[in-house]
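This is what each chain is made of:
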Amino acid sequence: MDFASWAALLGILLASLSLMSWLLLLCRSGFDLTDEGFYLHSIAEPGNYPYSVTQFGFVYHPLYKLVGGDVSLLRGTNLLISISLGFLLSWAIVLPAFGPWSLVSRSTRAAVIASAFAVAVASLSFFALWLPTPNYNTLTFQSLLVAATGFALVREPRYRLAGWLLIGLGGGGAFLAKPTTAAALAFIALLHAAIAGRLQLREVLVAAFAAVALLASAALLIDSSLHLFFDRMAGGLKLAELMLPFQDGVLKSFSPEFLHFSHEAKVRFVTLFGTYLTIGALCFTVTPPARIAAALIILFSSALSIFALFGFVAVKASDEPGETYLLLAGAAGITAASALVLKAWPSRQSIATACVLFLLPFALAVGTNANGWMTAGRAGFFWIMIGLLAACRLAVAQATWRPLLCVGSLSLVGTTILVHLATEFPYRQTQPLRLQRRVTEVGPAKTRLVLTEQRGALISGLHRLAAEGGFEAGQPMLDLTGESPGLVYALGARPLGVGWTLGGYPGSAKFVLAGLSWESCAAIGASWILSSGTSRGSISPDFLREVGIDARSDYQDVGTIESDSTFAQFPKMHYHLLRPARSQATSISSCESARGE
């Protein structure tokens, strides 16, 4: 028995389990008031919004109900879903390398399963921004994991139809999350067929049927009508254009000027490439000294990963978005080592699969209004799969599972770096998660989250003001801060019109007013208002005259709380909680008169 290799595998497995457990425990820490607030509103009550481009709220709503609205459980379940789908993809890639499973020894089975799990834990690298709450990006990523599993399966003739079925289901899921990604996935599927040199009409029909069946089922469940469903999506697109006209095209985010890495990041990329070129070469070499050397390096890196999680070792990396490309650098090193050892070209099918895995992160980013290159890096898990594909070629040639060790090591080291950075620089939060100590009740389920002192005091203070003013959970509330849907959710209020009244855009007021158009005058008249005066991003209440409201005379200021801004670079904000001062009958009459009803 090769004790060195088994020791290395055990080290990777224990460190991977530690990493996963550590991140699951952190699901009760931190709370972003912007995007995460919007996600929670969309998932909690997706039926409140008649128009939406993305349908992730409906997809995750059953999960929200299943966990009783507990935000920490919702987050943890989302992470576990990603790991499970990541394991299925890893399994689909490694299984063909070991022939008929029934003929494989028990020890090899155990090693392969453990290796596939260790690699699957790298799917947690997607949460490098620390937005663990389910959202349209996670649904897109999870849908692409399903599609990628399909592409891995089509390499085997007996699984080909099942593979195309999964590709279709993944495409349908991507359409529900982000239609632009679904279009990109269709292009990638055609490219895969062209490179592999094989595509049958039956396979295309299977994928198309799966996608159409999924979308038709979703449309009927959401709107009871295909026509109404596509009206929902078209209306959502028009609503978004009110806020910021769409002029630049879906590929604008991939402008070459956005592809920029610091000198320090480039040095880290080269270092990781060289490191995994070396580790890969040692793992792929059959001599005992090489195996022992590889095992020692892997054990050392596994120990460093665990020490880093507990703060015993400093992780020297920046929080720049390009850090996610470390995974591509490491996978390139492993692939290069495989090519040097085998000295033979892979099959057309393997090249086609590798091309798909390389392009899927960019498919995820198509249509984003952020930097597309950096957004793609968040899905670097697919690039690790290219390294796994290369290692499997060595596993076949050498009839051993040991080449998988280097991929497991890369998954562990790369993911540790990225999630450590995510917890040190959580998205739109002012402190690392490890320094957040204040336990605060958040949302209708009163989930106890651990927040920064400032954010916890803000939410607790608003709870106090709301209770003193007679606010009851479930009442409508209009957020005019332009950046605080999370505060509305934390108070247990129902957002009026739209899940996030985005401020700071040319058409913000038109966007919010359009959202109010499907609200009744009774709801508008009963709505409370959360405002932040003239702070950056706040929305002037003047547009409310269109629905018969003068915020200055028709509302009473219940109280004001000073707190840090959501954005660390901006000064403190003064949050004002306002309640209706008029009778409900007067408010309704004024609204109906303004609307001409």
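Just above, that's the structure.
Here the structure is a predicted model, which means the values were calculated and not measured.

Asker: Quick question: what am I supposed to make of the overall build of the protein here?
Answerer: If you tally the helices and strands in the protein, you get 23 helices and seven strands. For the protein, the C-alpha radius of gyration of 26 Å lies close to 25 Å, the compact-globule estimate for 597 residues. Oriented by its inertia axes, the alpha-carbon framework of the protein measures out at about 85 × 55 × 45 Å. Within the protein, buried positions represent 57% of all 597 residues. For the protein, contacts bridging at least 24 residues in sequence account for 76% of all contacts bridging at least 6. With an accessible surface of roughly 24,100 Å², the protein has 65% of that area assigned to carbon and sulfur atoms. Side chains of the protein give 40 positive and 34 negative charges; the mean places of these two sets differ by 12 Å.

Asker: When you look at the nonpolar core in this model, what are you seeing that I'm missing?
Answerer: Generally speaking, nonpolar side chains in soluble globular proteins are found buried as a group. Leu89, Ile93, Tyr325, Phe382, Met385 and Leu388 are the most contacted members of the largest nonpolar core, which totals 114 residues. Ignoring any residue separated from it by four or fewer positions in sequence, one finds tyrosine 325 in contact with Phe261, Phe269, Phe362, Trp373, Met374, Ala376, Gly377 and Trp383. Counting residues in each nonpolar core, the second largest holds 39 residues, with Ile43, Val67, Tyr427 and Leu449 among its members.

Asker: In this structure, what is going on with the environment of serine 589? I would like to understand it.
Answerer: Tracing the backbone shows serine 589 in helix α23 (residues 584-595). A relative accessible area of 45% means that serine 589 is categorised as partly exposed.

Asker: Would you mind going over helix α7 (residues 160-177) with me for this structure?
Answerer: The periodicity of an α-helix, 3.6 residues per turn, causes residues three or four places apart in sequence to face the same way. An ideal rise of 1.5 Å per residue puts 26 Å on 18 residues; α7 measures up with 26 Å between its terminal C-alpha atoms. Within α7, the full set of buried residues consists of Arg160, Gly163, Trp164, Ile167, Gly168, Gly170, Gly171, Gly172, Gly173, Ala174, Leu176 and Ala177. Check the buried side of α7 and you find it contacts α3 (56-66), α6 (136-153), α8 (179-196), α9 (201-223) and α10 (226-243).

Asker: What should I look at first to understand the state of the cysteines in this one?
Answerer: Here a disulfide denotes a covalent bond joining the sulfur atom of one cysteine to the sulfur atom of another. Summed over the entire model, instances satisfying the criterion amount to one disulfide. The residue that forms a disulfide with cysteine 521 is cysteine 591, at a sulfur-sulfur distance of 2.2 Å. Disulfide cysteine 521-cysteine 591: torsion about the S-S bond near -70°, hence left-handed. Of this pair, cysteine 521 sits in helix α21 (residues 521-526) while cysteine 591 sits in helix α23, and the two are 70 residues apart along the sequence. Residue classification places cysteine 521 among the buried positions, given a relative accessible area of 5%. The exposure class assigned to cysteine 591 is buried, which follows from its relative accessible area of 1%. Looking at the unpaired cysteine 283, the closest cysteine sulfur is the one in cysteine 406, lying at 4.8 Å.

Asker: So what exactly am I meant to see when it comes to the sheet that holds strand β6 (residues 555-563) here?
Answerer: In sheet architecture, strand pairing relies on hydrogen bonds along the backbone and comes in two forms, parallel and antiparallel. Sheet architecture is open: five strands sit in the order β4-β3-β5-β7-β6, paired in mixed fashion. Only two strands of the sheet have a single partner each, and these edge strands are β4 (494-495) and β6. Pairing geometry for strand β3 (residues 476-479) and strand β5 (residues 528-531), over three bridges, is parallel. Bridging across to β5, methionine 477 finds its partner in tryptophan 528. Across the sheet, helix α18 (residues 453-469) touches β5, β6 and β7 (573-580), and the angle it forms with β6 is around 160°.

Asker: Help me understand the packing of aromatic side chains in this model?
Answerer: By the definition in use, this model includes 24 aromatic pairs. Considering the side-chain rings of phenylalanine 229 and phenylalanine 230, the 5.4 Å spacing of their centres and the 80° angle between planes classify their relative orientation as edge-to-face. According to the relative accessible area criterion, phenylalanine 229 is buried, its value standing at 0%. In textbook terms, an aromatic cluster arises when at least three aromatic residues are bridged by ring pairs, as seen for Phe261, Phe269, Tyr325, Phe358, Phe362, Trp373 and Trp383. Lying across the ring of phenylalanine 126, arginine 378 places its NZ or CZ 4.6 Å from the centre.

Asker: Is there a simple way to explain the environment of leucine 185 in this structure?
Answerer: With respect to the helices and strands, leucine 185 occurs in helix α8. Leucine 185 gets classed as buried once you look at its relative accessible area, which sits at 3%. For leucine 185 and phenylalanine 362, which are 177 residues apart along the polypeptide, the C-alpha to C-alpha distance reads 9.8 Å. Every residue in contact with leucine 185, bar those within four places of it in the chain, is listed here: Leu144, Ala147, Phe151, Ile167, Gly170, Gly171 and Leu360.

Asker: Could you clarify how one ought to interpret the pairing of β5 in this entry?
Answerer: For a regular strand, side chains alternate in direction, first toward one face of the sheet and then toward the other. In β5, alternate side chains face the same way, and those of Trp528 and Leu530 on one face and Ile529 and Ser531 on the other are all buried. By the bridge criterion, three bridges tie β5 to β7 in an arrangement that is antiparallel. Looking at β7, one finds that serine 531 is bridged to histidine 576.

Asker: Can you help me understand the pattern of salt bridges in this one?
Answerer: Any two side chains of opposite charge can pair, given that their charged atoms come close. Tallied over the full model, the rule gives 13 salt bridges. Here arginine 552 and aspartate 542 are joined by a salt bridge, their closest N and O atoms 3.2 Å apart. Here arginine 552, found in helix α22 (residues 551-554), pairs with aspartate 542, found in the loop between β5 and α22; they are 10 residues apart in sequence, far enough to count as distant. A relative accessible area of 35% places aspartate 542 in the partly exposed class.

Asker: Help me understand helix α2 (residues 35-44), please; the structure alone is not making it clear to me.
Answerer: Burial analysis of α2 places nine of its 10 residues in the buried class, which makes it a mostly covered element. Residues of α2 that are buried: Asp35, Glu36, Gly37, Tyr39, Leu40, His41, Ser42, Ile43 and Ala44. Each element contacted by the buried residues of α2 is listed here: α3, α4 (71-94), α6, α19 (485-490) and β4.

Asker: Hey, could you run me through a nonpolar patch on the surface in this one?
Answerer: Side chains of Leu190, Leu199, Leu201, Val204 and Leu205 sit close together on the surface and give an oily, nonpolar patch of about 490 Å² of accessible area. If one sorts the elements of the nonpolar patch by residue count, α9 sits on top with three residues. Residue position: leucine 199 is located in the loop between α8 and α9.

Asker: Sorry, what's going on with unusual backbone geometry here?
Answerer: Most peptide bonds are trans, and most residues other than glycine sit at a negative phi. Despite not being glycine, tryptophan 130 has its phi angle at roughly 55°, a positive value. Of note, tryptophan 130 is situated in the loop between α5 (106-120) and α6. Although it is not a glycine, lysine 446 adopts a positive phi angle of roughly 55°. Note that lysine 446 resides in the loop between β1 (438-442) and β2 (447-451).

Asker: Quick question: what am I supposed to make of the environment of threonine 447 here?
Answerer: With respect to the secondary-structure elements, threonine 447 resides in strand β2. On the basis of relative accessibility, which here comes to 2%, the residue threonine 447 falls in the buried class. Separated by 377 residues in sequence, threonine 447 and aspartate 70 place their C-alpha atoms 5.5 Å apart. Leave out the neighbours within four places in its chain, and threonine 447 touches Gly69, Asp70, Val71, Ser72, Thr440, Glu441 and Val442. A polar atom in the side chain of threonine 447 sits 3.1 Å from the backbone nitrogen of valine 71.

About the cut-offs
Residues numbered from 1 in each chain as written. Predicted model: local features only at pLDDT ≥ 70, side-chain atom pairs only at ≥ 80, totals over all residues. Heavy atoms only, no water. Helix = DSSP H or I, 4+ residues; strand = E, 2+ residues; numbered from the N terminus. Rg over C-alpha atoms; globule rule 2.2 N^0.38 Å. Buried < 20%, exposed > 50% of the residue type's maximum accessible area, 1.4 Å probe, protein only. Contact = heavy atoms within 4.5 Å. Areas by Shrake-Rupley, 256 points an atom, 1.4 Å probe, with all protein chains shown as cover. Lys, Arg positive; Asp, Glu negative; His and termini not counted. Charge placed at Lys NZ, Arg CZ, Asp CG, Glu CD. Core = buried A, V, L, I, M, F, W, Y, C linked by side-chain atoms within 4.5 Å. Expected span 1.5 Å × (residues − 1). Disulfide = S-S within 2.5 Å. Pairing = 2+ DSSP bridges. Axes fitted to C-alpha atoms, helices over the stretch in contact; angles between N-to-C directions. Phe/Tyr/Trp six-rings, centres within 6.5 Å; stacked < 30°, edge-to-face > 60°. Lys NZ or Arg CZ within 6 Å of the ring centre and 35° of its normal. Salt bridge = Lys/Arg side-chain N within 4 Å of Asp/Glu carboxyl O. Patch = residues over 30% accessible without salt bridge, like charges linked within 9 Å, V, L, I, M, F, W, Y side chains within 5 Å. Polar contact = N/O pair within 3.5 Å; in protein donor to acceptor, adjacent residues only side chain to side chain.

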